[in-house]
Amino acid sequence: MTDNVSYNVGATAMHIDLQTRANGYVRIQNLLNAVNTGSYNFINPQANSQAVLDQIAPENINNATSDLYQAQASVQTSLFELPGGPLAIGVGTAIRYEAVDAPSANSDINGPTQRYFRLNGFAAKGNRTVYSAYAELEAPIVDQFLINASGRYDKYSSGQDNFSPKIGAKFTPIRQLVVRGTWSKGFRIPSFGEANATFPTTGYVSATQGIYNDAFLSQYGCSLATYTRCPSYISAATYGQTSISNPDLKAEKSRSYTAGILFEPIRNVSFTVDYYNIKKTDAITTANNAPAIAAYYAGQAIPAGYTVIPDAVDINNPTARPRIAFVQSPFINANTIKSEGIDFGINANYRFNDDLRVSSNLEASYILELSTTFPDGSKERYEGTLGNYNLTAGSGTPQWRGTWLNTVEFRDVLVSATVNYFDGYDLSAEDQTGPGTAGDCGLSDGTIPCKVSDYITVDLNTSFKVNDRFTFYVNAINLFDRLPPLDNVTYGAHLYNPVQGGLGILGRYFRAGVKVGL
């Protein structure tokens, strides 16, 4: 526009058609028909023709759409000079329309048997328009002190509105030291799936030892002390946790602040330490199902807001109280979700000459607290355990994670070694066995140690650049062939934690290839 004023105008239009195909899922009514007609060979399943298999497990085809249309405009300028530089300001406005139509791939609208067995039937539909205005101010007060302030106002056609401010500051008392910090507020309205799901979602979890009691287990000839001798109906059980949409959900609010330092004692060597503290109020989450589960197995009344659906009885113990098949509960605005921790970093980079460069980068994170406080005042803490068991598919919240990357470049050859560290954790989860049980090994059946060990792997990568278009590479993943530690509680994989173990479960393996630039 001018030397002192600039502007930006943009627009986006997007439409997505998504088709998913699911194969191998049995349609319940078709299977019942095959049982009645005798068309399926249960004695020798391999003798069934492809036509028979296709009849009982027809391909499931589902079509969904989503739309996003957006336009925005902004203007930036400098107002006047400060001792540290120009005072800059930017303002803007935007409008956005978003919609989703994702019908159920497994609806029961035609009856409970006119659907597939164990195929997730989640569905959501909705649309809304968002009107926004925002501004940002950057003020270099002096050469050593910079302040940045911004704010954004959003108004939704569904009735919500919010103002989100943010302020940050950076202080550089000497060249080698930077002190920085931020404070901000934010919000998030319920997603279409949380507020407008037309068919709920169900996730299946293992029924761990800690959810039972001796009185219930005695019906099956075992107890908590002799749990390994319980029948498989109990010891191998799973149950579904069904999350039901809630149109009365409020927007969740957040407050966060950070504080950190960057120290560079010599050129190309730096150390960083950053503290973060994030608190969400009225946070949207699934309900804590532990009270309903405990009440059912104790033979007590189910708390308000929950529905517990019993499973079919055990044929070997037909008079015993059956296990749980499903627990249904709506999404809720939990009181508080808090995340607090520290991030660390060390970076070094040195070039000896035009041919040789060496670098080392270490990053680590430590979780001080990860917790949820529910409307009744109960509080669950997850750090260092398998909690939040439901949300993480039983992979948990290790307190420490880190990577250390070391690289040597000599002319056209690059060699790097990466050390990956994943902290151990206790086999407990307060969202399974109640507040105050973290660290009590409450999910263990006693066959493995209460604390799963730390896990460290090393990856080695080499590459050779032939020219600007061709590069050959060889990678050795998990160089020392370390398998992840045993964990028979998490349900994301068999006998190990898939997040902790990752590709380490494959042991040591090699990859080689060539990258070609066109």
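Further up the page is the structure itself.
Participant: Mind showing me how you'd approach the pairing of strand S15 (residues 332-351) here?
Facilitator: Moving residue by residue along a regular strand, the side chains alternate between the two faces of the sheet. Pairing geometry for strand S12 (residues 269-285) and S15, over 16 bridges, is antiparallel. Following the sheet pairing, Tyr276 is matched in S15 by Gly341. Counted between consecutive antiparallel strands, the loop separating S15 from strand S16 (residues 356-373) contains 4 residues.

Participant: Honestly, the nonpolar core in this entry has me stumped. Any pointers?
Facilitator: In summary, soluble globular proteins display a tendency toward joint burial of nonpolar side chains. Of all hydrophobic cores here, the largest spans 37 residues; its most connected members are Tyr212 and Ile234. Elements with a minimum of two residues in this core: helix H4 (214-217), helix H5 (232-235), helix H6 (290-297), strand S14 (324-330) and S15. Among all residues touching Tyr212, those that are not within four sequence positions of it are Ala207, Leu217, Leu224, Tyr227, Ile234, Ala237 and Tyr297.

Participant: I would appreciate a short explanation of helix H1 (residues 28-37) in the present structure.
Facilitator: Turning to H1, its buried residues number three or more, namely Gln29, Asn30 and Ala34. Down the axis of H1, the buried set is contained in an arc of 145°. They therefore lie on one face. The inward-facing, buried residues of H1 abut helix H2 (50-56). Within two residues after H1, Gly38 carries a phi angle of roughly 75°, on the positive side.

Participant: Could you clarify how one ought to interpret the packing of aromatic side chains in this entry?
Facilitator: Geometrically, a pair of aromatic rings is defined through the distance of the ring centres and the angle of the planes. A complete count under the given rule lists 16 aromatic pairs for this structure. Measuring from centroid to centroid gives 5.7 Å for Tyr212 and Phe216, while their planes differ by 5°, and the two rings are stacked. Residue Tyr212 shares its accessibility class with Phe216, and that shared class is buried. Put simply, the rings of Tyr212, Phe216, Tyr220, Tyr227, Tyr233, Tyr296 and Tyr297 pair up and form one aromatic cluster. One cation-aromatic arrangement involves Lys515 over Tyr473; the distance from NZ or CZ to the ring centre is 5.7 Å.

Participant: Please explain H6 as it appears in this structure.
Facilitator: Because an α-helix completes one turn every 3.6 residues, residues spaced three or four positions apart along the sequence face the same direction. Taking burial as the measure, the 8 residues of H6 include 6 buried ones, the bulk of the element. Along H6, the residues that are buried comprise Ala290, Ala292, Ile293, Ala295, Tyr296 and Tyr297. Where H6 is buried, its residues contact H4, strand S10 (238-244), strand S13 (307-310), S14 and helix H7 (430-433). Directly beyond the C-terminal end of H6, a positive phi value near 75° is found at Gly299.

Participant: Which parts of the structure should I look at to understand the sheet that holds S10?
Facilitator: Strand pairing in a sheet relies on backbone hydrogen bonds, with the paired strands running either antiparallel or parallel. Taken in spatial order, the 4 strands of this open sheet run S9-S10-S14-S13, and their pairing is mixed. A single partner strand is all that each edge strand has here, and the edge strands are strand S9 (201-206) and S13. Mean inter-strand twist for the sheet, computed between neighbouring axes without regard to direction, equals 20°. Running over the sheet, H6 touches S10, S13 and S14 and is turned about 140° from S14.

Reading the values: the criteria
Residues numbered from 1 in each chain as written. Predicted model: local features only at pLDDT ≥ 70, side-chain atom pairs only at ≥ 80, totals over all residues. Heavy atoms only, no water. Pairing = 2+ DSSP bridges. Helix = DSSP H or I, 4+ residues; strand = E, 2+ residues; numbered from the N terminus. Core = buried A, V, L, I, M, F, W, Y, C linked by side-chain atoms within 4.5 Å. Buried < 20%, exposed > 50% of the residue type's maximum accessible area, 1.4 Å probe, protein only. Contact = heavy atoms within 4.5 Å. Arc of directions from axis to C-beta. Phe/Tyr/Trp six-rings, centres within 6.5 Å; stacked < 30°, edge-to-face > 60°. Lys NZ or Arg CZ within 6 Å of the ring centre and 35° of its normal. Axes fitted to C-alpha atoms, helices over the stretch in contact; angles between N-to-C directions.

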